[in-house]
Amino acid sequence: QVQLVESGGGLVQAGGSLRLSCAASGSIFSPNVMGWYRQAPGKQRELVANISSGGSTNYTDSVKGRFTISRDNAKNTVYLQMNSLKPEDTAVYYCNAIFNIFGYWGQGTQVTVSS
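Presented here is an overview of the structure given in this document. (Residues numbered from 1 in each chain as written. Predicted model: local features only at pLDDT ≥ 70, side-chain atom pairs only at ≥ 80, totals over all residues. Heavy atoms only, no water.)

**Overview of the overall build of the protein chain**
So, point 1. Across its full length, the protein chain holds zero helices and 11 strands.
So, point 2. Ordered by position in the sequence, the α and β elements of the protein chain form the string β-β-β-β-β-β-β-β-β-β-β.
So, point 3. By the compact-globule yardstick of 13 Å for 115 residues, the protein chain fits well, its C-alpha radius of gyration being 13 Å.
So, point 4. Dimensions of the protein chain, computed from the C-alpha atoms along their principal axes, are close to 45 × 25 × 20 Å.
So, point 5. Within the protein chain, the fraction of its 115 residues that count as buried is 38%.
So, point 6. As displayed, the protein chain offers around 6,200 Å² of accessible surface, 47% of which is attributable to carbon and sulfur atoms.
So, point 7. Here the protein chain carries 9 positive and 6 negative side-chain charges, and the mean point of each set is 2 Å from the other. (Helix = DSSP H or I, 4+ residues; strand = E, 2+ residues; numbered from the N terminus. Rg over C-alpha atoms; globule rule 2.2 N^0.38 Å. Buried < 20%, exposed > 50% of the residue type's maximum accessible area, 1.4 Å probe, protein only. Areas by Shrake-Rupley, 256 points an atom, 1.4 Å probe, with all protein chains shown as cover. Lys, Arg positive; Asp, Glu negative; His and termini not counted. Charge placed at Lys NZ, Arg CZ, Asp CG, Glu CD.)

**Some words on the packing of aromatic side chains**
So, point 1. Per the stated rule, a full pass over the model turns up two aromatic pairs.
So, point 2. Between tyrosine 37 and tryptophan 105 the ring centres are 5.0 Å apart and the planes differ by 65°, which places this aromatic pair in the edge-to-face class. Taken together, the residues tyrosine 37 in strand 4 (residues 33-39) and tryptophan 105 in strand 10 (residues 102-105) connect sequence positions 68 residues apart.
So, point 3. Residue tyrosine 37 is classed as partly exposed on the basis of its relative accessible area, which comes to 23%.
So, point 4. For tryptophan 105, a relative accessible area of 43% corresponds to the partly exposed category.
So, point 5. Pairing phenylalanine 99 with tyrosine 104 gives two aromatic rings, centres 5.8 Å apart and planes at 80°, and the pair type is edge-to-face.
So, point 6. When its relative accessible area of 7% is taken as the criterion, phenylalanine 99 is described as buried.
So, point 7. The lysine or arginine in question, arginine 45, covers the ring of tyrosine 94, its NZ or CZ lying 3.9 Å from the ring centre. (Phe/Tyr/Trp six-rings, centres within 6.5 Å; stacked < 30°, edge-to-face > 60°. Lys NZ or Arg CZ within 6 Å of the ring centre and 35° of its normal.)

**Some thoughts on the state of the cysteines**
So, point 1. Under the criterion given, the structure shown has one disulfide.
So, point 2. A disulfide bridge connects cysteine 22 with cysteine 95, and the sulfur atoms are separated by 2.0 Å. Residues cysteine 22 and cysteine 95 are joined by a disulfide whose S-S torsion is about -85°; by sign, that bridge is left-handed. Residue cysteine 22 is found in strand 3 (residues 18-25), and its partner cysteine 95 is found in strand 9 (residues 91-99); the two are separated by 73 residues along the sequence. The two residues cysteine 22 and cysteine 95 agree in class, both being buried. (Disulfide = S-S within 2.5 Å.)

**Observations concerning the nonpolar core**
So, point 1. Counting residues in each nonpolar core, the largest one holds 27 residues, and the members touching the most others are Trp36, Val48, Phe67, Val78, Leu80, Met82 and Tyr93.
So, point 2. Residues contacting methionine 82, with those up to four places away along its chain left out, are Gly16, Ser17, Leu18, Leu20, Arg66, Phe67, Tyr93 and Val111. (Core = buried A, V, L, I, M, F, W, Y, C linked by side-chain atoms within 4.5 Å. Contact = heavy atoms within 4.5 Å.)

Set out below in structure tokens:
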């Protein structure tokens, strides 16, 4: 049974930094893609960033230059380094992992950025 365990959320001031982590456990296989989505109250869930098993990355325009996604293949873990945080980054952040045709979600971690 695959589980995604997230950590690293919290409350920071604008301009501060946080690092989110997500570890996928319960599978002998490596995820094809791991990534982060976020959802703010009253808004749709959106892709923030993702990374393939080969290291190819994608970012939504609003976080380019501020966020960095990375991975540790040996531990099936994905990280999201968030710098220069803005109040508009406030949301619940969800980890996502795809193993072939099967997708999994973490339970979410709250990120709050104060002005």
